[in-house]
Each structure stands twice: as structure tokens, then as C-alpha cells.
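These are the residues of each chain, in order.
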Amino acid sequence: MALKIIDTCVNCYACEPLCPSKAIYKAEAYFLINPKKCTECVGDFDVPQCASICPIEGAILDAQGLAINPPGSLTGIPPEKMAEAMAELQAH
Amino acid sequence: MELPVLNETPAASAGGCSSHSCGTSDDQLGHLSDEIRAKVENHPCYSEDAHHYFARMHVAVAPACNIQCHYCNRKYDCANESRPGVVSELLTPDQAVKKTMAVAANIPQMTVLGIAGPGDPLANPERTFETFRRLSDEAPDIKLCVSTNGLALPDSVEELSKHNIDHVTITINCLDPEVGAKIYPWIFWENKRIHGIEGARILIEQQQKGLEMLVAKGILVKVNSVMIPGVNDQHLAEVSKTVKAKGAFLHNVMPLIAEAEHGTFYGVMGQRGPTQDELMDLQDACSGDMNMMRHCRQCRADAVGLLGEDRGDEFTLDKIEDMEIDYQAAMEKRKVIHEAIAEEMHSKRAAKEEAAAKHAAGKKLNTRPVLMAIATSGQGVINQHFGHAKEFLIYEASPDGVRFMSHRKTDLYCSGDDTCGDGESVLQRTIRALEGCEAVLCSKIGYEPWDMLEQAGIIPNGEHAMEPIEDAVMAVYKEMAAAGKLDEVKDDQRATA
């Protein structure tokens, strides 16, 4: 039972001080979670703290490997709208 | 813009006006008490003439943020306090202190150190306060300032009051949670992410509480607002009135910057920023209530140097590592230079007041006001080629005199290539930035822009090269009046008389 930070992490440090288990650490490229220490905040908080402050959609995965904050959930930008805008920029 | 070359004793003032408000008494700091005025008159961000002499820098020590704004993409620096689409080099407090002292020793005009991001400084209290603590001790001649979204402000006021904090900037975009929900999708509060109106309500409460607490402690507060057409533009005059009533000393309304390539909500969803006219109309509507800041250049959070320039490349981490700084010696040198600058500024201000008195004594015109754009690289004179100007200073001439209105960038966050703005050329974009102006004063100008300006109804004028800005603007205004161009009342006339 552990959460995971993936390479879309932008190194903003927001999650690190919130972790009640001190499981989050700065690694070479981005932050990582020590799976042996991570409790998913059970017993400390109602919701996992790292995933509740992380500003990057998809950067934190649950134990099943699913994004806790899926595309569109934090920015409010509908994923299809984002795809459209990116395609538009690519075309230039 | 190049830094002015400063000798140990600057040359005496050439006389004439320096760069603002000649011929009128309503300069930006005019309504302030003497005490506040004395505190901010040498601050490059607050005084239009001080920014020609003093410099500020920001250090990027605060990466975390506790809210999401629709004009921000957290992959980059804060798009409001910093610049969209840019990532600054994150510093530890120790690196930040070293960098600040290296810059202060090498650029004696640097008087202000700010922490504004890349996230929210008060969401990174340890890094932010460690930096402030050490600089208060080790470099006491540097003023400190901090910008915040306000969410963590009430908890930080006590700590802020312990350091050499000159002023705090709070970004307040609304008072109404329903408006707020359209700007802030969520906040992180008491260990939860809170979305929508409820999150906005808490943020607004914290901002207002923090503002009141700072004022009660006697700490100066400036308020920044981002003008978002259709979202909070109708609401900001009320924001201005409220924050003034609570004791904020200055309100800075900034235009939204939103481009799809920044990947922000507003950028991707096609939310437009305000036009130059809309921004100036709102600034005018707010200025009845309080001091408006009109020369903010929305500089980068890690910028180094005078306003509008960035010398950050001279002070990268590897370069400061090799610098030996004797700060005691530097501080003595800085003191001498600061005194000389103060003397020069005072003599220029005195000359300006004299010119204003002379103007007031003359025969008063009965003509409409006119906006003019000025190409200058500083020193309060017209000394830049039209094609070299990356920004123009906008002045208003009226029978009451000449006053500084704002800056307009010609390449606002644009790389300047032809692919942006639907293939609009650099020249077309420049001319669009001059919307509402009837003349442009520069040292020289080429044939092509001359023709295009004329077609756009803007008179190009290269006849006042090296003259003080206010004198030249008034001279051109009088020529226009004499030629009978100012008799008819235009629909878009700005009411200032």
C-alpha cells in the first residue's frame, strides 16, 4: 500500500513537508516516495496529503497505478480542449 | 535598457524634468503621507523616477504553492508575480543570500530584495524566512519585500514583522467568492484540497484578514490585481475601494497575460487579456479612490537589475561561487552612491516643480487631452530609435500639464518571430500596442514605420531627440493645439481635465 510519484513531477516541494510518514524525498530528477514508509496517510488524515496539494495532474498514482488527480481535475481544462490547443501549437 | 553609468559622484542634473508628472501635482505617490512617501520614494517598483536610479532583484527560493490560479501553469513560474512560460533557477536560502550580497556589491543601485516565487513565498515559510532572517542580519542596508496570494498570510504576519520587511504585496483579484471561483479552481486548506466557491471564500477571507493584520502592525501593503475581462473587470473598482479603506497604500492593476502555449486554463480556453484602453480606463476608474501604480512591467520573479532589464546571467550560481564579497566595504561604497543618487533625484524633482509652476502661471489652453508614446532608454529624455524600442512610455498631455500614464511593451512575452499573432509583423504589433496614442516621440524613425504610423493616425515625431520628455510632450501638444487639431472632442477622450 503506497502511492507513487512519476516523472511529470515539477519539483515544487509542496508535498514533501506534508507527509506524516516522511516517506517523500528529493531524488536526482524529481521527488520519490519510499513505498516502505508510505501509509497513504491512513490513520493521520482523511485524504493522502501529497495528492491533495500536488498541482500536476497525473503526477501521483495510487496503489493500482491510477492517477489520483486525472486530467482536467485540477486545472479545469477539459482534456479534449487541451489536446486541441496542443495540436494547434504543433501545427505552427 | 542599459544601467546608467554611475561614477562615484554623478554629474549634476542637466535640469529640466525627469521622467514623470511634470506640470502636475498628481504623481503616483502624491496622496501618500510623508512617512510612507519617505519609505517608498527610493523604491524602484513604486516611484517612476526612482526606477531610473535604483534596482531590485528577486530570488527564487519558494517553489511550493497552496492554491491554483487559472492564469498559472505550475510547470512554470507564477504567471502573475513572475513571468509565464519561464522556469527560474531554484535557490536554497544560503545560495539566495550569497547571490543577493554578490549583486548588491556589484550593482550598488540594488536596494530591494524581493521573494515572489516561483510558488507562494508564505507557502514555503522556512525557506522564505531563513532568507529574510539572514539578510536582515548580514545585509541590513537592503530592503526586503514579499508577494503572496494571502492564503497563509495571517499565520505569517508575526514572523514578517520581525524582519527588515519594507512592504508586502498581496494579490487580490476579487472580494466575491462567486467571482473567485472563476479564477481559483482550488486551494489547499487544513489538509484538504477545497474546490470552487468554498475555496475562494476561504482565500478571500484570509487575504482580507492578512491585509488588516499587516496594517495594524504598521507594515506597508500594496495590492496587485490581475484584470480579467468578463471575469473581474467590473469588480476591481470595488476591490480598489475596499483595500484602500483598509489601509493598502498602492493598488497595481495588471493585465491578464494568457496564451495557449503557456498551457494555463485561461490560455487554453481562449480567455483574452484586456486591451490597452480597457486597462487604462480601469486604472483611471480606480485612481479616484487611491494611488494607482502605472509603471509595473510584470518583471520576472528572478530578475536582476533596473526595471525592464535583467542582468541575471552575470550572477548565476557558478559565477557567484567564485566571487569574494567584502560586504562591510561594499556597504560603505553603497552608502556614498545612494547619497549621491538621492541628491541628483532631489535636484531633478526641484527642477520639475519649478517647470510645473512656470506652466501653471502661463495662459491655460482649453483643449482636449492627448496620449503620446515615448521611446526612451532612460534618464528622462527622448533618446531611443523607434525600431529599437522594446517598450514605450505613455504620457498624457492636457491643459493641466503632462503626466505619466503607463508602459507598453512591444514584445510582451513574445519571441518576436512572425509565427505568433496570426502572422502579424513586429511593426504591426508595435503599432497595435500604441492604440489610443496620437503621436510617438523618438530620436529617429525609418520610412516604413513612419508611413504605417501615419496610416494608423499616429503622428511620428523625431524632432525632440535628447530633450526632457515632459518638455517635448508639452511642446508637441502646443503645436497640435496651434494647428487646431485639438478643438474637436473625440469620443474616446480621456476625462482628466
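All residue numbers refer to position in the chain's written sequence, counted from 1. As they are written, the chains are lettered A onward and the ligands numbered 1 onward, keeping that order. Confidence filtering applies because this is a predicted model: local features only for residues at pLDDT of at least 70, side-chain atom pairs given and counted only at 80 or more, and all residues used for totals across whole chains, interfaces and linings.

**As for the overall build of chain B**
Assigned secondary structure in chain B consists of 14 helices and 15 strands. The buried share of chain B, reckoned over its 497 residues, is 49%. Counting from the N terminus, the helices are DSSP H or I runs at least four residues long and the strands are E runs at least two residues long. For the exposure call, what matters is how many other C-beta atoms sit within 10 Å of a residue's own: 20 or more marks it buried, 12 or fewer exposed, and in between partly exposed, using C-beta atoms placed from the backbone.

**Observations regarding the sheet that holds strand S2 (residues 67–68) of chain B**
Within a beta sheet, neighbouring strands are joined by backbone hydrogen bonds and run either parallel or antiparallel to one another. All names here are of chain B. Two strands pair if DSSP finds at least two bridges between them. A sheet is described by the order of its strands in space; here three strands give the open sequence S2-S6-S7, paired in antiparallel fashion. One side of each edge strand has no neighbouring strand; the edge strands of this open sheet are S2 and strand S7 (192–195). The pairing of strand S6 (residues 186–189) with S7 spans four bridges and is classified as antiparallel. When the sheet's bridge partners are listed, Trp-186 is paired in S7 with His-195. Along the sheet face, helix H6 (residues 196–217) touches S2, S6 and S7 and points at about 60° away from the line of S6. Contact between two residues is assigned when their C-beta atoms, built from the backbone, lie within 7 Å. Fitting a line to C-alpha atoms yields each axis, with helices limited to the stretch in contact; the angle taken between N-to-C directions then spans 0 to 180 degrees.

**Examining the sheet that holds strand S13 (residues 401–409) of chain B**
All names here are of chain B. Spatial ordering of the open sheet is given by S13-S12-S11-S14-S15, a layout of five strands whose pairing is mixed. Every interior strand has two partners, whereas the edge strands, S13 and strand S15 (459–461), have only one. Geometrically, the sheet is characterised by an average inter-axis angle of 25° between neighbouring strands, direction not taken into account. Judged from the five bridges that link them, strand S11 (residues 370–374) and strand S12 (residues 391–398) form a sheet pairing that is antiparallel. Bridged to Val-370 within S12 is Ala-397.

**A closer look at the nonpolar core**
All names here are of chain B. Formed by 138 residues in total, the largest nonpolar core has its most connected members in Met-372, Ile-374, Tyr-395, Val-440, Leu-441 and Val-473. Here this core takes seven residues from helix H2 (residues 93–106), the largest share from any one element. A domain assignment, automatic or from a database, supplies the domain bounds used here. Both domains that furnish three or more residues to this core are identified here as domain 1 (34–321) and domain 2 (363–482). Val-473 has contacts with Met-372, Tyr-395, Ala-397, Val-402 and Leu-441, leaving out every residue within four places of it along the chain. Core membership is restricted to buried Ala, Val, Leu, Ile, Met, Phe, Trp, Tyr and Cys residues, and these are joined into a nonpolar core through C-beta atoms within 7 Å.

**A closer look at the interface of chain A and chain B**
Across the boundary between the two partners, chain A contributes 22 residues, which contact 19 residues of chain B. At the level of secondary structure, the elements contributing two or more residues to the side of chain A that touches chain B comprise helix H1 (49–53) and helix H2 (79–91) of chain A. Classification used: nonpolar for Ala, Val, Leu, Ile, Met, Phe, Trp, Tyr, Cys and Pro, charged for Asp, Glu, Lys and Arg, polar for all others including Gly. A class-by-class count of the residues in the side of chain A that touches chain B yields 14 nonpolar, six polar and two charged.

**With respect to helix H3 (residues 125–138) of chain B**
The span one expects for a helix is its residue count, reduced by one, times 1.5 Å. With 14 residues, H3(B) ought to run about 20 Å at 1.5 Å a step, and its terminal C-alpha atoms sit 20 Å apart, in line with that. Of the surrounding secondary structure, the elements contacted by the buried residues of H3(B) are H2, strand S3 (110–115), strand S4 (143–148) and helix H4 (153–160) of chain B.

**A look at unusual backbone geometry**
Positive phi is not limited to glycine here, since Asn11(A) has a value of about 60°. The residue Asn11(A) is located in the loop between strand S1 (4–5) and strand S2 (24–26) in this model. The partly exposed category is assigned to Asn11(A), around which 14 C-beta atoms lie within 10 Å. Unlike most non-glycine residues, Asn191(B) shows phi in positive territory, near 65°.

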